[in-house]
Structure formats: C-alpha cells, structure tokens
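# Structural overview for review
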Amino acid sequence: MYTASSALLDALTDANVSYIFANFGSDHPALVEAIAEARANGRPIPEVITCPNEMVGMSAAHGFWQASGVAQAVVVHVECGTQALAGAVHNAAKGRAPMMIFAGASPFTQDGELKGSRNEFIQWIQDVHDQRGIVRGYTKYDNELRTGFNVKDIVNRALQFAYSDPKGPVYLMGAREVMEQEVPPKPSVPMWQPVQAAGLTKQSVAMLGEALRKARRPLVVTTYLGRSEAAFNALVEFSRRAGAGVLESVPTWLNFPHANPMYQGNHWNHPWQNKALAAADLVLVIDSDVPWIPVHNRPAPDVPIFHIDVDPLKTQMPLWHIDATASWQADAATALSELNEWLADNPIEPDDLAGRADHWRMLHEARAGELAALEKEPEDGVITSEFAVACLRDEIGDDALFVNEGISNYHTVFNHLRRSDPLTVFTSGGGSLGYNGGAAIGVKLANPEKTVVALCGDGSYMFSVPSSVHWMAARYQTPFLQIVFNNRGWKSPKLSTLAVHPDGFASRANSIDVSFDPPPDYAGIAAAAGGAHGKQVRNPAEVRAAIREALEVVRTQKRCAILDIWISHL
C-alpha cells in the first residue's frame, strides 16, 4: 500500500534528506506505518532520529545544515509539538537555516468516515483554529497537505522556499485522513532548484570600485558571510586586492581567517567604540544584521557606507536602519567575485595598497598581544574562560568543529580559538538559548570523522535539555566534547541591567534572582542520561589534563565528555 505518507518519505529522499528528527504522536500512524513498510521492502528513506525533546531535534537539524549545507526534516506532534519546538524556530529563522518541519493535525472526521478518523480524546482537544499560525512569523512558507496526490509538489515547493535566499525553515501539516490516503506512486523527480543568487550590476560594481580606490582605510563589516565557503574565500581575496580590514560584528559564523593580518577581531555588546571602525574611511557592510550598536559604536561621521546583503531591508525586523550611501540585495560570493574582477582590471597602486595593509596589520598585532596576555594561567587560582579556551585550542589541533553558545563568552570563544578555516565555528544566529547540544549532534552526524566541541554557559547548558541531548548522542553514536563555563548563574541579564542602571538598586543588591548557586551536577546529568564522561574542574592547573582526558574519551571510547569548568562567579 502506497499512501500520502509514503509519498512524503519519497519526496524527502529525492531532496537528499538524510535524517528525520522525529517526535511522533497520535497524529502519525500513517507515517509510522509508511516507515515500517519502506524498511520491510528495502525502499530507501531518510534515517529516523528519535528526539525526546522537539527543540533538541530542530537544533540538530540546524547544526546538520550548518555543517553540510543540506536541509533536513523535523517531525513533531500536532500543535503541542509545534509549540514545543520553542526557541529553535526563532534560531532557525534568525540564523537563516533551511529545514522542513512537518506536523500532523487532528483528524477532521469523528464517526469513522475515513481511515484515520478520530479515536482518541486528545484529538478533540488538540484541534485548534490556526496551527500553522503558531510559527508563521518565523517560517518562509507554510501549507497544509489536503490530498495525497500532490504531496511531492508541495514538499518541493516548500524546500524551494527554504533554500532560496534569505534561507529559512518551512512548515507543513497534514491530518491523519490525508496522510492515510492511498495514491499511485509517482516517479522520482529532481528537487526544485532555489532561486539563483543575484550579483551587482556593472554600474554598481564600478561605483563601489571607484569609491574603494579613493579610500585609504576601507573596512568590511560582516556577521554571516561565512555560511558560504565561496564567500569566505572571495572575501580573503577582496581584502588583499582592496587593502581592506575585516571586522566581524556579532559573528554567527567564522567569516575570515583569524590569523590573517587584515582581521580586526569581533565586536559584540561591548560598550565602547571599536578602534577599527573608528579608523575606517569607507565601510562595506556585507551580510550583517547588527553591524554596530549606535549608542556605543559607529563609523565616523560622513564616512561612506555601502551595504550588500541577501536581506538588506531586514524584512522581519520592524526597526532597522544604517545610513548607507547605496544598498544592494545580492549574494556575497557573487558580489565579491565581481568586485575582485574589477579590482584586477583596475588595481590599486602598490604603495597605496601596502600602506593600507600596514595600518590594519598594526592594529591586528596590537590586538593579538592583548589577547595573548589574557591567556596566561591565572595566579589567583580562579580559571578564566580565556585561559580555558586557549588550553582547548592548544590540545585539540586544527581538525575540529565548534558549536559556540558561550553567551557572555561568545567573543572569548571566537577570540581564543583563533580558527582560520571556513565552516568550523557555528552559532545559532538567533537569541533563544539551548541550541548547542542538539546542534552538536547534528554537526557530528554530518561529519562523523570530525571532533566536535560545544562550548556553552551554564544557563545555555540547562536550556539545551541535556538529558535528551546526551541520550540521543549515546543512542546515535554522535560523541562530542561539551565545555560548560560555570559562573553559577545567568550573567547576561546582570550585564544588561547594569548597562541601563549602573548605579541603581540592582547594582547594590545581594541578589537579582539570576543565580544557580549551588549549581546542579552538570556532568552527572550527562552521565546519567547517556553514559558520558564528566568532570568538574576548578583549579587552573588541572584544565589542560582534563581537556586531554576528555578528548581521549570522545575520540577513542566514542562517548560524550563534559567538563564543568568553574570560572568567576557572576
């Protein structure tokens, strides 16, 4: 028997989906049966990853796409499971992560008129007015499967939206009666291609090229250009040809080699003016949602700003603006390649180019010295996150992938890992905590031969639902090292409060209700859920040995390892 559910599985297979991250419910009998039928008959379908928590499953799909470039499927249970996706939907939307979410729906018949008709009390309770509306503000496309005859078309259309820039998640739903419908099999069809990336016009390239020739301190500011290896490499060439420094603002990817002397670091919520941005006499913003925070940090007055982005209007942000001289909707790799060709035909004078490079190199080296000083082993017996990350960098080598959800230590992780290869450091791209554990599983599934490390705060660790994460990691053999920066609470809300009320009551209060003291046994949670190796580390002298031991467990014993590293109390 071939049903609409069979067609859904075949459509996902045709789209190169490897995994279905699933949390099944009473709305999925047809899908469960179709999976069993396909396995019994040897028909290829995506592998099912059982996800006890929906947010973990969606975060895993997010991480898999980041590490592979291929969107995956997430299956959840009616409107309850849709809501349980929680902040992962926000992260996928803001991080522009393509994936297909499929949710069942309560049956629309109640007297046995069709196969799949209501037979459990919850199917009345879970019948809501607008199930798709729960996530409509976060998805690029949503639809309901109303017949089994066009399932493949709807899946292809949904994924076409997901893969077209700006990328993002899509949502489909289908009631039990529809998913049980018998339909004739359709032949496999290639996945519908996304809309092709656009470039710049010749006039725009020439205008920007001439402005670059006149500048003396051009600077590129980017956040997520590094999601494309082609764009990453094109930016390296552009920086060399234009003599442009590169500043990462709130980076969600690794966008530029951190060892390159043109690299000017990464700026987050720091309440001061960035030196590189202040020195620039031309700023090219490429793929950035927050290139600077104006109350503290912005380009000098009258500096020309040019803007290239897949989403230059930021259509999902009610308030957004930069004073751009010109703005273009274009693919970063395409636009930079066009600019590189123009600069090859119209090169900047060698002496001028050398002067630009010397300026940025001087700032780069000064910054490197400041970071090196922070990496020294603490003398007061309290581990610093800078020291811990530097130890990890020295022990792990170059062949590793990192998931960064350090929150108040986001910048520390980027600064002290000092990676230079594209697609090696990932963040959620959003602001909902708990992405790190599921994402690490997805990254490992996409790259089973790589060592994967998740770095997070103690708050983001608890948000990640570690009991589900570490059960899944053990079940599906995706071992990774998890480092928890334990400051016994949520530091970011404290920093936010003090930034607005530096001398207020909260600044003098003994508690502002963000502490986790005494903290849970983070390593014990992972050990109980998935047999992970765990260790609490409080002494700086023990950090290197603990990291070495944990990496050995991950690499040879194929088990997760978690290091609960105590840093200064919040």
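As a starting point, this report considers the structure included with it. Going along each chain's sequence as written, the residues are numbered from 1 onward. Local features in this predicted model are restricted to residues of pLDDT 70 or higher, and side-chain atom pairs are both shown and tallied only at a pLDDT of 80 or more, whereas totals for entire chains, interfaces and linings draw on every residue. Note that water and hydrogens are dropped before the side-chain values are worked out from all heavy atoms of the structure.

### Remarks on the overall build of the protein
Here a strand is any run of E in DSSP of at least two residues, a helix any run of H or I of at least four, and the numbering for each starts at the N terminus. Counting its regular elements, the protein contains 22 helices and 18 strands. Only C-alpha atoms enter the radius of gyration, while the globule expectation follows 2.2 Å times N to the 0.38, with N the number of residues. In terms of C-alpha radius of gyration, the protein reaches 25 Å, essentially the compact-globule figure of 25 Å for 570 residues. Projected onto the principal axes, the alpha-carbon positions of the protein cover approximately 80 × 60 × 50 Å. Working definition: with a 1.4 Å probe on protein chains only, accessible area under 20% of the residue-type maximum means buried, over 50% means exposed, and in between means partly exposed. Going through the 570 residues of the protein one by one, you find that 57% of them count as buried. Long-range pairs, those at least 24 residues apart, make up 77% of the contacts in the protein with a sequence separation of at least 6. Residue contacts are defined here by distance: any two heavy atoms, one from each residue, within 4.5 Å place the two residues in contact.

### Brief notes about unusual backbone geometry
In this structure, the amide linkage connecting Asp-165 to the following residue, Pro-166, adopts the cis form with an omega of -10°. On the secondary structure map, Pro-166 appears in the loop between helix H7 (151–163) and strand E6 (169–175). Cis geometry marks the peptide bond from Asp-517 to Pro-518; its omega dihedral reads 5°. Along the polypeptide, Pro-518 turns up in the loop between helix H20 (505–508) and helix H21 (522–530).

### A short note on the state of the cysteines
In plain terms, two cysteine sulfur atoms within 2.5 Å form what is called a disulfide here. Applying the stated criterion across every chain yields a total of zero disulfides. No disulfide involves Cys-80; its sulfur sits 17 Å from the nearest other cysteine sulfur, which is in Cys-51. No disulfide involves Cys-560; its sulfur sits 12 Å from that of Cys-456, the nearest cysteine. Residue classification places Cys-560 among the buried positions, given a relative accessible area of 6%.

### Here we look at a nonpolar patch on the surface
Exposure above 30% relative accessible area and the absence of a salt bridge qualify a residue for a patch, where like charges join within 9 Å and nonpolar side chains (Val, Leu, Ile, Met, Phe, Trp, Tyr) within 5 Å. Each accessible area is a Shrake-Rupley result for a 1.4 Å probe, and residues are judged covered by the shown protein chains and nothing else. When a carboxyl oxygen of Asp or Glu lies within 4 Å of a side-chain nitrogen of Lys or Arg, that pair is called a salt bridge. On the surface, a nonpolar cluster with roughly 390 Å² of combined accessible area is contributed by Phe-121, Trp-124 and Ile-125. Position of Ile-125 relative to the elements: it lies in helix H6 (residues 122–125).

### Some points on the pattern of salt bridges
According to the stated counting rule, one finds 25 salt bridges in the structure shown. The partner of Asp-127 in a salt bridge is Arg-118, with the nearest N and O atoms 2.6 Å apart. On the basis of relative accessible area, Arg-118 is assigned to the buried category, the value being 13%. A salt bridge links Arg-132 to Asp-142, with the shortest nitrogen-to-oxygen separation between them at 2.7 Å. Of this pair, Arg-132 sits in the loop between H6 and strand E5 (141–145) while Asp-142 sits in strand E5, and the two are ten residues apart along the sequence. In this structure Arg-132 comes out as buried when scored by relative accessible area, which is 17%.

### A short note on the packing of aromatic side chains
Here a Phe, Tyr or Trp ring, Trp counted by its six-membered ring, pairs with any other such ring whose centre lies within 6.5 Å, and the pair is stacked when the planes are under 30 degrees apart, edge-to-face when over 60, and tilted otherwise. The tally for this structure, following the rule as stated, stands at ten aromatic pairs. Relative to Phe-21, the ring of Tyr-19 has its centre 6.0 Å away and its plane inclined at 35°; by these criteria the two rings are tilted. Among the residues examined, Tyr-19 registers a relative accessible area of 13% and is labelled buried. Classification of Phe-21 by relative accessible area gives buried; the value is 1%. Summarising the aromatic geometry, the rings of Phe-306 and Trp-328 are spaced 6.3 Å apart at their centres and angled 10° between planes, so their arrangement reads as stacked. Separated by 22 residues along the polypeptide, Phe-306 in strand E11 (residues 305–309) and Trp-328 in strand E12 (residues 326–329) bring together distant segments of the chain. Taken as a pair, Phe-306 and Trp-328 share a single burial class, namely buried. Ring-pair connections join several aromatic residues into one group, and the members of that group are Tyr-19, Phe-21 and Phe-64. Sitting over a ring, as applied to charges here, requires NZ of Lys or CZ of Arg to be within 6 Å of the ring centre and within 35 degrees of the ring normal. The ring of Trp-320 has Lys-314 lying over it, and the distance from NZ or CZ to the ring centre is 5.7 Å. The positively charged end of Arg-508 is found above the aromatic ring belonging to Phe-505, 5.2 Å away from the centroid.

### Overview of the nonpolar core
Phe-21, Ile-49, Met-58, Val-74 and Phe-480 are the most contacted members of the largest nonpolar core, which totals 56 residues. No other element matches the eight residues that helix H3 (residues 54–68) contributes to this core. Beyond its immediate chain neighbours, meaning those up to four positions away, Phe-21 contacts Ile-49, Cys-51, Gly-57, Ala-60, Ala-61, Gln-72, Ala-73, Val-74, Val-75 and Leu-445. The next biggest cluster of nonpolar side chains, apart from the first, holds 48 residues, and it includes Leu-212, Phe-306, Ala-332 and Leu-343. By convention a nonpolar core is built from buried Ala, Val, Leu, Ile, Met, Phe, Trp, Tyr and Cys residues, the set being connected through side-chain atoms within 4.5 Å.

### A few points about the layout of surface pockets
A 1.4 Å probe that fits into a set of points on a 1 Å grid over the protein atoms alone but cannot get out defines a cavity; an open set with protein on both sides within 12 Å along at least five of seven lines defines a pocket, and lining residues are those with an atom within 4 Å of a point. Grid points are joined across faces, edges and corners, and a volume is the space filled by probe spheres set on the points. When its volume is computed, the largest pocket comes out at roughly 1,300 Å³. If you go around the largest pocket, you meet 47 residues; those closest to its centre are Trp-268, Asn-269, Ile-407, Ser-408 and Tyr-410. Only helix H5 (87–94), helix H14 (385–396), helix H15 (410–417) and helix H19 (491–500) provide two or more residues apiece to the lining of the largest pocket. Broken down by element, the lining of the largest pocket gets its largest block of residues, five residues, from H19. Under the scheme applied here, ten amino acids are nonpolar (Ala, Val, Leu, Ile, Met, Phe, Trp, Tyr, Cys and Pro), four are charged (Asp, Glu, Lys and Arg), and all others, including Gly, are polar. Residue classes in the lining of the largest pocket are distributed as 17 nonpolar, 24 polar and six charged. In this model, the second largest pocket occupies a volume close to 560 Å³. Elements with a minimum of two residues in the lining of the second largest pocket: strand E9 (263–267), helix H11 (275–279), helix H13 (350–374) and H15. A per-element tally of the lining of the second largest pocket places H13 first, with six residues. Looking at the lining of the second largest pocket residue by residue, the class counts come to seven nonpolar, eleven polar and four charged.

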